[in-house]
Amino acid sequence: LLYQDTGHLLGHTLSETFPKEDADRFMAVVLETIRTSEPQVIEYELEVPAGKRWFEGRTSPLSEKVNDKQSVVFLARDITDRKYVEEALRRLVRVTSHQFGSDFFKTMALELAEMLEADYAFIGQLRSSGSEKLIDTIGVAAAGEVAQRLTFALAGTPCENTVEKTTCAYRS
């Protein structure tokens, strides 16, 4: 599933291949990868021969220089199906929560904890306060009971991985 045929892609720069806005975003991710020597992740939508598709791009710095320049590998994968499921879940939660109110999220947290055999489970909303990202819980389950809602900073928590679209599980 390519943006264009390989003959047009090989040997061309991002700005020669993609619309300016997309090329600029991709270049910013590449430059950030070089600057930090850390992998980066970007999600983006493109019109390809198969229609509009969502992609997740992951970059990683290469240890070897290419033509005497720092280089990065950029891997893209089609995440269109995942985006459709995420949107369906958002719509379902939005419609259901208006119908059933805040008890919906409390019940859902209890059900999640039971299904996952977890002592604690919560559902939260991400928000920013200045440069800090916070989670406001809207449903909390602890030891099989509904617990009081709380707000906490995202940085340094296991939830930070989830927000970055990485699946994670922590067992005690």
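Scroll up to find the structure.
Given the structure is predicted, the values throughout are model-derived calculations rather than measurements.

Caption draft 1: Spotlight on the side chain of lysine 83. Among the secondary structure elements, lysine 83 is positioned in helix 4 (residues 80–100). Classification of lysine 83 by relative accessible area gives buried; the value is 16%. Within the structure, lysine 83 has its side chain in polar contact with the side chain of glutamate 43 (distance 2.9 Å). Contacts of lysine 83, omitting those with residues within four sequence positions, involve Glu43 and Trp54.

Caption draft 2: Molecular detail of the pairing of strand 1 (residues 40–48). With 9 bridges joining them, strand 1 and strand 2 (residues 51–61) adopt antiparallel strand pairing. Counterpart to isoleucine 42 in the pairing with strand 2 is glycine 57. Taking the residues between adjacent antiparallel strands as the criterion, strand 1 and strand 2 are bridged by 2 residues.

Caption draft 3: Summary view of the side chain of threonine 33. For threonine 33, the position within the fold is in helix 3 (residues 20–36). Relative accessible area serves as the criterion here: at 0%, threonine 33 is assigned to the buried category. Sequence-distant contacts of threonine 33, defined by excluding residues within four places in its chain, comprise Glu38, Gln40, Thr59, Ser60, Pro61 and Val72.

Caption draft 4: Just unusual backbone geometry, in detail. Of note, the phi angle at serine 37 is positive, near 60°, even though the residue is not glycine. Of note, serine 37 is situated in the loop between helix 3 and strand 1.

Caption draft 5: How the structure looks around the pattern of salt bridges. A full pass over the atoms with the stated rule returns 12 salt bridges. With a closest N to O distance of 2.9 Å, glutamate 43 and lysine 83 form a salt bridge. In this pair, glutamate 43 is assigned in strand 1 and lysine 83 in helix 4, connecting sequence segments 40 residues apart. Across the pair, exposure class does not vary: glutamate 43 and lysine 83 are buried alike. For aspartate 136, the salt bridge goes to arginine 127, with nearest N and O atoms at 2.4 Å. By sharing partners, the salt bridges in this structure join Glu43, Glu56, Arg58, Arg77, Arg82, Lys83 and Glu86 into a single network.

Caption draft 6: Up close: the nonpolar core. Judged by nonpolar contacts, Phe18, Ala23, Phe26, Val29, Ile42, Tyr44, Leu46, Val48 and Phe55 together constitute the single largest core of 9 residues. Among the elements of the structure, helix 3 and strand 1 are those that each provide at least two residues to this core. Among the elements that line this core, the one with the most residues is strand 1, at 4 residues. Contact partners of alanine 23, with chain neighbours within four places excluded, come to Leu14, Ser15 and Phe18.

Reading the values: the criteria
Throughout, residues of each chain are indexed from 1 in the direction in which the sequence is written. For this predicted model, a pLDDT threshold of at least 70 governs which residues receive local features, and a threshold of 80 or more governs which side-chain atom pairs are given and counted, while totals over whole chains, interfaces and linings are taken from all residues. Hydrogens and water are ignored here; the side-chain numbers use all heavy atoms of the structure. In DSSP terms, a helix is any run of H or I states spanning at least four residues, a strand is any run of E spanning at least two, and both are numbered starting from the N terminus. Each residue is assigned to one of three classes by its accessible area relative to the maximum for its type, calculated with a 1.4 Å probe on protein chains only: buried under 20%, partly exposed between the two thresholds, exposed over 50%. Pairing of N or O atoms within 3.5 Å defines a polar contact, subject to two protein rules: one partner must be a possible hydrogen donor and the other a possible acceptor, and residues neighboring in sequence count only if both atoms are side-chain atoms. Any pair of residues with heavy atoms lying within 4.5 Å of one another is described as a contacting pair. What makes two strands pair is DSSP finding at least two bridges between them. A pair is scored as a salt bridge if a Lys or Arg side-chain nitrogen falls within 4 Å of a carboxyl oxygen belonging to Asp or Glu. The criterion is simple. A nonpolar core is a set of buried Ala, Val, Leu, Ile, Met, Phe, Trp, Tyr and Cys residues joined through side-chain atoms within 4.5 Å.

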